[in-house]
Structure formats: structure tokens, C-alpha cells
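# Structural characterization, general
What follows is each chain in one-letter form.
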Number of protein chains: 2
Amino acid sequence: MKKMLIASTSTLYKGDYLEYIKSELEVFFAKVDEIVFIPYARPGGISHDAYTKIAKQAFKSIGKEVIGLHRFDDPENELKQAKGVFTGGGNTFLLVSQLYKYNVISTLRELIFDGMPYFGTSAGSNITGLTMQTTNDMPIIYPPSFKTLGAIPFNINPHYLDPVSGSEHMGETRETRIKEFHTYNTIPVVGLREGSWLDVNGDQITLKGDLSARIFEQGKQPYEIETGSLIGF
Amino acid sequence: MKKMLIASTSTLYKGDYLEYIKSELEVFFAKVDEIVFIPYARPGGISHDAYTKIAKQAFKSIGKEVIGLHRFDDPENELKQAKGVFTGGGNTFLLVSQLYKYNVISTLRELIFDGMPYFGTSAGSNITGLTMQTTNDMPIIYPPSFKTLGAIPFNINPHYLDPVSGSEHMGETRETRIKEFHTYNTIPVVGLREGSWLDVNGDQITLKGDLSARIFEQGKQPYEIETGSLIGF
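Below is a short write-up of the structure. (Residues numbered from 1 in each chain as written. Chains lettered and ligands numbered in written order. Predicted model: local features only at pLDDT ≥ 70, side-chain atom pairs only at ≥ 80, totals over all residues. Heavy atoms only, no water.)

## Focus on the overall build of chain A
Helix and strand content of chain A: 7 helices and 11 strands. Against the globule reference of 17 Å for 233 residues, chain A gives a C-alpha radius of gyration of 17 Å, in line with a compact fold. For chain A, the spread of C-alpha atoms along the principal axes amounts to about 45 × 35 × 35 Å. The proportion of buried residues among the 233 residues of chain A is 59%. In chain A, the share of contacts with a sequence separation of at least 24, taken over all contacts with a separation of at least 6, comes to 68%. For chain A, the accessible area works out to roughly 9600 Å², and carbon and sulfur atoms hold 48% of it. Taking the average place of the 23 positive charges on the side chains of chain A and the average place of its 27 negative ones, the gap between the two points comes to 2 Å. (Helix = DSSP H or I, 4+ residues; strand = E, 2+ residues; numbered from the N terminus. Rg over C-alpha atoms; globule rule 2.2 N^0.38 Å. Buried < 20%, exposed > 50% of the residue type's maximum accessible area, 1.4 Å probe, protein only. Contact = heavy atoms within 4.5 Å. Areas by Shrake-Rupley, 256 points an atom, 1.4 Å probe, with all protein chains shown as cover. Lys, Arg positive; Asp, Glu negative; His and termini not counted. Charge placed at Lys NZ, Arg CZ, Asp CG, Glu CD.)

Next comes the structure, spelled out in C-alpha cells:
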């Protein structure tokens, strides 16, 4: 039975890394001593080692070891032994390219479907969807495919941002971009605001955190669902 | 000798479509009666016909005819006859996918290098760079390549947006995204603010409009260049 936490962000404004979700992580990873960290998304271009150090520090306070997947010569084989996985945010194009490069996408998918606890933030949440096509990131590298884990039957838009009222900027709003996505795609999209996450237990997916989420389905007006609601299409 | 206007946006806040740049367009297209419009980027998912109508209306007031490239059975051959081209904004992934699909990228490139006047806004400006990798758009469709026209020796980031001071949103700023681009790419990036455009005359590229532009080079601190400056790396 799938067990996942799919979070919009790692860090809230003025908060520390993973601080807002730590008590949740403690319960979620209760039976896991060592978590494999996937640092491939490299936020702001930091090194895999530097990124792993940040994750290590955050999990130390709840008594968990963290090892970076980048440290192993054979990441595919190493991943197979994982008792829990955390994929951090950064650039989704980079993350997906590396997952394909190291041939770990199908392994990760199998582990998740077998019930290994998976935690993702931002780009690490994006990849749990059917495709990475509702990422907010720049296409800094050309991935072999936009297809991702398909561990949930929809796509995620992390860091979902409401239109800024009174903005004089004429670039597309997030809602306009997702509308563009739906001119060519039928996949529903869950806009997860910062501080929100999805709690996945098998096929039961619950919205958690303080805020509502915005749901986009092709051919429908976008609508809100309240925290605590089940998500299904 | 290349002749291009590469604009950040089509429309300024509270302005009409192309209004702010119309007097410039009148001079730029002085010797062109009919402009071929490439509507493939479909902003917000509008139809090719609806989009072409908007462009047609804007150019009517300066006495120019506009025909949509989508109306022709053989766009590649049709494009070869063009005396001037305008590519409108929208989704860059969609635009680039369609340019490849209809096999018009190399034709367009040849025309530009032969001196045919080319005007682009937003996504239509993005494609004049070496790659489309500094677009702000969502990857709603998987293009065969991120390589674009290479009519200028750098990339464009249109609708360049300065970090919003006091913002509590934890998603990446534009500057962070471009920094991420430079962890894997050496191509310089010109961040064009709304209301700015590049005036290309052969190899001479001048920043126009009221605002400065922000320049990003790999391994350097970003810096500003004033309007009226030449751009060269």
C-alpha cells in the first residue's frame, strides 16, 4: 500500500528547512532509521553534498540518518535497499534528467507501489505525478521524457500562487499557465499552496496543512478543496 | 543583414496590444505591406484564428496586412515568400514544438539571416536565442529539441521580473532560476523587462525602451545595462 507525503515546499517563510512538517515526518518515518536522500534537483545549483548536508541536519533532530543517493556507484541497486526515500526540491528538469540517467525511475516507482515511505518537496513532489509538465521550473536541461512516477493519478503544481491583485506584470499567472496545459492535456492538476501537503495511503489521498488547494480539470472552472478533504477524480 | 525587433512583451499594463511599440513597428516594417503572423504559441489556449485576428487588428492601424501561417497547407513553402514575420507570445514549448512539426525553423532562420524583418514578442522573442531554455513557460508539450533560431548569440528571458521585496512566497525568483540554468549552461542570458526590446541590425544589438536590462553570465554577478547600450559578450 502506497505511503507518501507530497509537500508543496520544504520551507515556509521565516521558517527552518522542513520545520513546519517535522512532527508529521516523525510519525511517517517511525519505522525507518535511515532515509535515502535524492539530491539531484540541486536548488540554486548547490552541490549534491551540500544539499544532502541540509537534509541530514533536518532529519537528525528527529533521530533519522540520511544518506545521499549520489554517493553510490550504482544508485539503481542502492535504491533497491532503501527503507524510506526523500527527494528534495530544486529544478525539476534536472531532477528528471538525472533520474533517467541513473535509471532509477522504475525502481523508485516499484518501491513506492510496494509501500516504501516516500516523502517529496517541490520538485520531489512534482515527480510523483503522471508527468512533470506542471512544474514552475526553467528547462535548464533536456530530459529524455516528461513522464514521471505516476504514483498518483494527477499532476502537482507545487508552490501554487494565486494571481497577485493589482500586479502590473503582464506575464502569465499560474492559472493561465495551467489553463494552457489543459489545451493539450487531460490530466487533472492539484495546485498545492505552500504549507500544504498530500497524505497518500494506498488510493486514499488527503489534503493536509492549513490551506485549501486549487483543483484544475480540463474543461471545468478551477475550484477549491478544503484541507482534510479526500482528493479523487 | 539581420533586422529584428525582439520585445519582452506585446502589451503593457493598461495598454492595448502592441500599442507601446507601434511607432517603432511602423518604421521597422516601412517597406513591408504584408506580415506573416506565426500564432503557434496560443496564449491561454486561444485558437490560431482568434490570435491572428488580434495581430491583424493591431497592424491595421499602421496600414499593414497580416496573414496567419496556420492557414496554409504548406507553411514551410509559404514562409519562404514572407517579406516580414511576426511571432506572437504564448507558450514557448508549444511554439517550438509546432515550428519543428511544420519544419519551419530552418526556413525562418535563413530568412532572418538574409535580412527579412522579424518581430517577436515574449515566446516569439525567446525563440530568437540559442535555446528556449530560459523561458518562463510551463512544459505543456514535449518539443523535439530545446534548440531555437540562434539569430542572436545569447538567450532571452522575457517578462524579466525583479525579486519582489517582502514576498513570503518561497518559490524560486527569476534570478535563482537563471542561476540554475548557468550551473549546466554557458550561454549568456538577457533579462528583458516589460516595455524593453532589442533592436538588431546585423551584429549590432541595441537595448531600447525606458528600462535597463539585467545581464546574466555564467560565473559572474548579474549586472544592469542601460537603455541605448549595445549588447555584446
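Having seen the model, we can carry on.
## Points about the sheet that holds strand S7 (residues 189-191) of chain B
All names here are of chain B. Pairing within the open sheet is mixed, and its 4 strands lie in the order S6-S7-S10-S11. Bordering the open sheet on either side are strand S6 (155-157) and strand S11 (223-225), each of which pairs with just one other strand. Taken over all neighbouring pairs, the strand axes of this sheet differ in orientation by 30 degrees on average, direction set aside. Note: strand S10 (residues 213-216) against S11, 3 bridges, orientation antiparallel. Within S11, the residue paired with isoleucine 215 across the bridge is tyrosine 223. With respect to the sheet, helix H7 (residues 174-184) is in contact with S6, S7 and S10, its orientation differing from that of S10 by roughly 30 degrees. (Pairing = 2+ DSSP bridges. Axes fitted to C-alpha atoms, helices over the stretch in contact; angles between N-to-C directions.)

## Looking at helix H7 (residues 174-184) of chain A
Along H7(A), the residues classified as buried are A:Arg174, A:Arg177, A:Ile178, A:Glu180, A:Phe181 and A:His182. Structurally, H7(A) contributes buried residues whose contacts are with strand S6 (155-157), strand S7 (189-191) and strand S10 (213-216) of chain A.

## Let's talk about the interface of chain A and chain B
Listed as interface residues are 50 residues of chain A and, on the opposing side, 50 residues of chain B. Counting the surface chain A buries against chain B, the share from its top three residues, A:Met138, A:Tyr142 and A:Tyr184, is 18%. On inspection of chain A and its partner chain B, the count reaches 2 salt bridges. Inspection of the chain A/chain B interface yields 21 residue pairs in polar contact (both at pLDDT 80 or more). (Buried area = accessible area lost by both parts, 1.4 Å probe. Salt bridge = Lys/Arg side-chain N within 4 Å of Asp/Glu carboxyl O. Polar contact = N/O pair within 3.5 Å; in protein donor to acceptor, adjacent residues only side chain to side chain.)

## Brief notes about the pairing of strand S2 (residues 34-38) of chain A
Looking along a regular strand, one sees the side chains alternate between the two faces of the sheet. Residues and elements named next belong to chain A. Most of S2 is tucked away, with 4 of its 5 residues classed as buried. In this structure, S2 lies alongside strand S3 (residues 65-68), joined through 4 bridges in parallel fashion. The partner of glutamate 34 across the bridge, within S3, is glutamate 65. The handedness of the S2 to S3 crossover, carried by helix H2 (residues 48-60), is right-handed. Two strands pair when backbone bridges link them, and S2 and strand S4 (residues 85-87) are joined in this way by 3 bridges, in the parallel orientation. Paired with phenylalanine 37 across the strands is phenylalanine 86, a residue of S4. (Right-handed = clockwise from strand over helix to strand, strands pointing away.)

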